[in-house]
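Architecture at a glance
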There are 2 protein chains.
Amino acid sequence: MHENDLLAWFAANAHRYAHVGVGIGDDMAGVVIHGHADGSSGVLALLKVDQALDRVHFDLREHTPRQAGVKAVNRCLSDCAAMACRPRAILIAVALPQNASTEMAQELFKGCESAAGVFGCPIVGGDTAVWDQRLAITVAAMGESPVAPVRRHGAAVGDAIILTGRVGGSILGRHLTFTPRIAEAQAIHQVAAIHAMMDLSDGLAQDLPRLLAASGVGAVVEAASIPIHPDAHTLARTDGQTPLTHALVDGEDYELLLTLAPADVSRIQALGMSVKLTVIGTITARRELRLQDEHGASQAWPRGGWEYESAPA
Amino acid sequence: MHENDLLAWFAANAHRYAHVGVGIGDDMAGVVIHGHADGSSGVLALLKVDQALDRVHFDLREHTPRQAGVKAVNRCLSDCAAMACRPRAILIAVALPQNASTEMAQELFKGCESAAGVFGCPIVGGDTAVWDQRLAITVAAMGESPVAPVRRHGAAVGDAIILTGRVGGSILGRHLTFTPRIAEAQAIHQVAAIHAMMDLSDGLAQDLPRLLAASGVGAVVEAASIPIHPDAHTLARTDGQTPLTHALVDGEDYELLLTLAPADVSRIQALGMSVKLTVIGTITARRELRLQDEHGASQAWPRGGWEYESAPA
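Reading the values: the criteria
- Residues numbered from 1 in each chain as written.
- Chains lettered and ligands numbered in written order.
- Predicted model: local features only at pLDDT ≥ 70, side-chain atom pairs only at ≥ 80, totals over all residues.
- Heavy atoms only, no water.
- Helix = DSSP H or I, 4+ residues; strand = E, 2+ residues; numbered from the N terminus.
- Rg over C-alpha atoms; globule rule 2.2 N^0.38 Å.
- Buried < 20%, exposed > 50% of the residue type's maximum accessible area, 1.4 Å probe, protein only.
- Contact = heavy atoms within 4.5 Å.
- Areas by Shrake-Rupley, 256 points an atom, 1.4 Å probe, with all protein chains shown as cover.
- Lys, Arg positive; Asp, Glu negative; His and termini not counted.
- Charge placed at Lys NZ, Arg CZ, Asp CG, Glu CD.
- Buried area = accessible area lost by both parts, 1.4 Å probe.
- Salt bridge = Lys/Arg side-chain N within 4 Å of Asp/Glu carboxyl O.
- Polar contact = N/O pair within 3.5 Å; in protein donor to acceptor, adjacent residues only side chain to side chain.
- Least-squares fit on C-alpha atoms with pLDDT ≥ 70 in both.
- Pairing = 2+ DSSP bridges.
- Axes fitted to C-alpha atoms, helices over the stretch in contact; angles between N-to-C directions.
- Domains from an automatic or database assignment.
- Nonpolar A, V, L, I, M, F, W, Y, C, P; charged D, E, K, R; others polar.
- Arc of directions from axis to C-beta.
- Left-handed = near helix turned anticlockwise from the far one by under 90°.

1. What to know about the overall build of chain A
Across its full length, chain A holds 9 helices and 13 strands. In summary, chain A has a C-alpha radius of gyration of 20 Å against a globular reference of 20 Å for 313 residues, a match within 12%. The principal-axis extents of the C-alpha atoms in chain A amount to approximately 60 × 55 × 40 Å. For chain A, buried positions account for 59% of its 313 residues. Considering only intrachain contacts with a sequence separation of at least 6, the fraction spanning at least 24 residues in chain A is 80%. Taken as a whole, chain A presents about 11600 Å² of accessible surface, with 50% of it coming from carbon and sulfur. Of the charged side chains in chain A, 24 are positive and 34 negative, and the gap between their average positions amounts to 2 Å.

Here it is in structure tokens:
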């Protein structure tokens, strides 16, 4: 069972309702509240739920409960960033192992609250239960979009493809300490129309095809332009893979992948943000994904190649 | 570690934000979106997150994934009922055991969707992950209140205390098949001002003290008036406890406990709802909880007696 297939099945089988602006399949859902029955009027609330599980997303043998709490919240907030959403409230559900101490639960909560507090976002509710299994943290976020929520499906032919920060090798520690790109998403969206955006959780190699599939377009990516994180170089020295491969296939970068009109690139570069913005390629009408080296020769897109057809639409 | 103590600690340690109308400690949280920074203007979104864990809230050795999905959603919707909230969207996070089949995940989803569909509420998003532990389902709900959300803290001296349905013995099966009292809460709230309300998840013996503590009042409950479910009688025949004890201490009734002015009792009875409404007692200024038999003599309040001081404020 593949998570993508399951989500696609859910999306296809979910009933449709007029007040749902954004349903299953994007980084957040969008729901109209206090509107009319047909979905008109009212305001749009953006919603997301995300899990962080012991020994899947963190490991309590190595990491503290506070680190787990920080990561659980930041994973969810990264999805808020991906919609250019301003998070307004967070709820936390925790399934605690039987041997968990009160102090452990409190540390977890402090981690959650410190991460949310960075963005002025309160923890407004939660649920705790105890069981004889490992720690599971589920974070739900609600937010609003000052402009309009940015989705995955708006990439237009000719758009520049842009990445925040540097990617690869997050397993060396950044997967626990990253900052969701909420401020960057809003700053960019205020000066330029972002056509499509998502956050990188499974790695560029898997995530870019999802954005392309949602938009019904293809892309050419310049291999030499991909901003490789020093951690990817460090990893490459020990495991024999190239730094580029790590940059493409490693997950949990939590950087933003976005597209906008080429004319807007200088505008967002002029923001002078401390986070690097890199143009890594161009959206094409031809629905294929090419990775191009500096001589214009095509390289294979890693991890099973171009999985366009299997990516959720 | 007691869940009440932990929630009280979270509530006491959570930062305060102006746009949070209802924080930790009620059945749902209330958050203003699209308002001004001070929380004025905007609209109120009601939020809740709740977990259903294998072998805690259901048992996959006995129950189907579809039943687990139904219960997970209905537990959360019962909290919506408790605020007289109209649910508008649900999100589901599922931690699937490694051996889970695609069919199992789909059945779970169908259960969730059928339960939500009863109230015209879409499933708008979710998260699935696989781990080597048991099934955990987390449900987040967002809703709106057509009037104003009903909270736990408004019980007034002299109020009638009312219970929907009959209580006790839900373990015989009703804990899986109950209907959240969403329609009833809204019907009642449209004709009468509900002063305080909550849903019964831990049993009247534990939950009534919470409502009283939140409101800063006490109560006299007439033992003979408590609507005992036939299941409580069935259980009593086998375990030697009284049916009344089952009605008071058994959890997972998911009925509503509410208070309103005595003058409004006839008004809500006149609604002619199919669900029984029973006046079980009266709110008192004296901050104690008395269970009174038909001769006016006091009986002990079950399960550790009157735990007012330890109930979350």
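Moving on from the model shown.
2. Considering the interface of chain A and chain B
Chain A puts 70 residues into the contact, and the matching count from chain B is 70 residues. For the pair chain A and chain B, the two sides together bury roughly 6100 Å², of which 66% comes from carbon and sulfur. Taken together, chain A and chain B are joined by 2 salt bridges. One can count 21 residue pairs in polar contact (both at pLDDT 80 or more) joining chain A with chain B. Within the residue set of the side of chain A that touches chain B, elements represented by two or more residues are helix H1 (3–13), strand E1 (20–22), strand E2 (29–33), strand E3 (43–53), strand E4 (86–97), helix H3 (102–117), strand E5 (123–131) and strand E6 (136–144) of chain A.

3. Details of the relation of the copies chain A and chain B
In the superposition of chain A on chain B (RMSD 0.0 Å, axial shift 0.0 Å), the rotation amounts to 180°. Here the transformation between the copies is reduced to the relation of a two-fold axis. Comparing contact sets, 100% of the residues at the interface of chain A also lie at the interface in chain B, consistent with an isologous, same-surface contact.

4. Some details on the sheet that holds strand E3 (residues 43–53) of chain B
Residue and element names in this part refer to chain B. Taken together, the 6 strands give an open sheet; going across it, the order is E1-E2-E3-E6-E4-E5, and neighbouring strands pair in mixed fashion. The open sheet is flanked by strand E1 (20–22) and strand E5 (123–131), the only strands paired with a single partner. Strand-to-strand twist in this sheet, taken as the mean axis angle between neighbours without regard to direction, amounts to 25°. Taken together, the 5 bridges between strand E2 (residues 29–33) and E3 define a ladder with antiparallel strand orientation. Across the sheet, valine 32 pairs through a bridge with leucine 44, a residue of E3. Strands in contact with helix H2 (residues 65–82) are E3, strand E4 (86–97) and strand E6 (136–144); relative to E6, the strand with the most contacts, it is inclined by about 35°.

5. Regarding the domain arrangement of chain A
Residues and elements named next belong to chain A. You can read the domains of chain A as domain 1 (48–144) and domain 2 (160–300). Relative placement of domain 1 and domain 2: their C-alpha centres are 26 Å apart. At the interface, 19 residues of domain 1 touch 16 residues of domain 2. Taken over both partners, the interface formed by domain 1 and domain 2 buries close to 1500 Å², and the fraction arising from carbon and sulfur atoms is 64%. One can count 1 salt bridge joining domain 1 with domain 2. For lysine 71, the salt bridge is made with glutamate 252, and the minimal N-O distance between the two is 2.7 Å. Taken together, the links from domain 1 to domain 2 amount to 6 residue pairs in polar contact (both at pLDDT 80 or more). Mapped by element, the contributors of at least two residues to the side of domain 1 that touches domain 2 are helix H2 (65–82) and E4. A per-element tally of the side of domain 1 that touches domain 2 places H2 first, with 11 residues. The residue inventory of the side of domain 1 that touches domain 2, partitioned by class, reads 10 nonpolar, 5 polar and 4 charged.

6. Things to note about helix H7 (residues 230–239) of chain A
Count 3.6 residues to each turn of an α-helix, and residues three or four apart come out pointing the same way. Residue and element names in this part refer to chain A. Those residues of H7 lying buried are Asp231, Ala232, Leu235 and Ala236. What you see down the axis of H7 is that its buried residues fit within an arc of 140°, all on one side. Seen from the open side of H7, the exposed residues pointing more than 90 degrees away from its buried face are Arg237 and Thr238. Those residues of H7 that are buried are in contact with helix H4 (174–177) and helix H8 (243–249). The first or second residue beyond H7 is glycine 240, which carries a positive phi of 80°.

7. A word on the pattern of salt bridges
Residues and elements named next belong to chain A. In the structure shown here, the tally under the stated rule is 36 salt bridges over all chains. Lysine 48 is the salt-bridge partner of aspartate 79, the closest N and O atoms lying 3.7 Å from each other. With aspartate 79 in helix H2 and lysine 48 in strand E3, this residue pair connects regions lying 31 residues apart in the sequence. Both residues of the pair, aspartate 79 and lysine 48, belong to the buried class.

8. Quick notes on the packing of H3 of chain A against helix H1 (residues 3–13) of chain B
In contact at an axis separation of 11 Å, H3 of chain A and H1 of chain B are set at 35° when each is read in the N-to-C sense. As for how H3 of chain A packs across H1 of chain B, the hand of that crossing is right-handed. Together, Thr102, Ala105, Gln106, Phe109, Lys110 and Glu113 of chain A of H3 of chain A and Leu6, Trp9, Phe10 and Asn13 of chain B of H1 of chain B make up the contact between the two elements. In the contact of H3 of chain A with H1 of chain B, the residues fall into 5 nonpolar, 3 polar and 2 charged.

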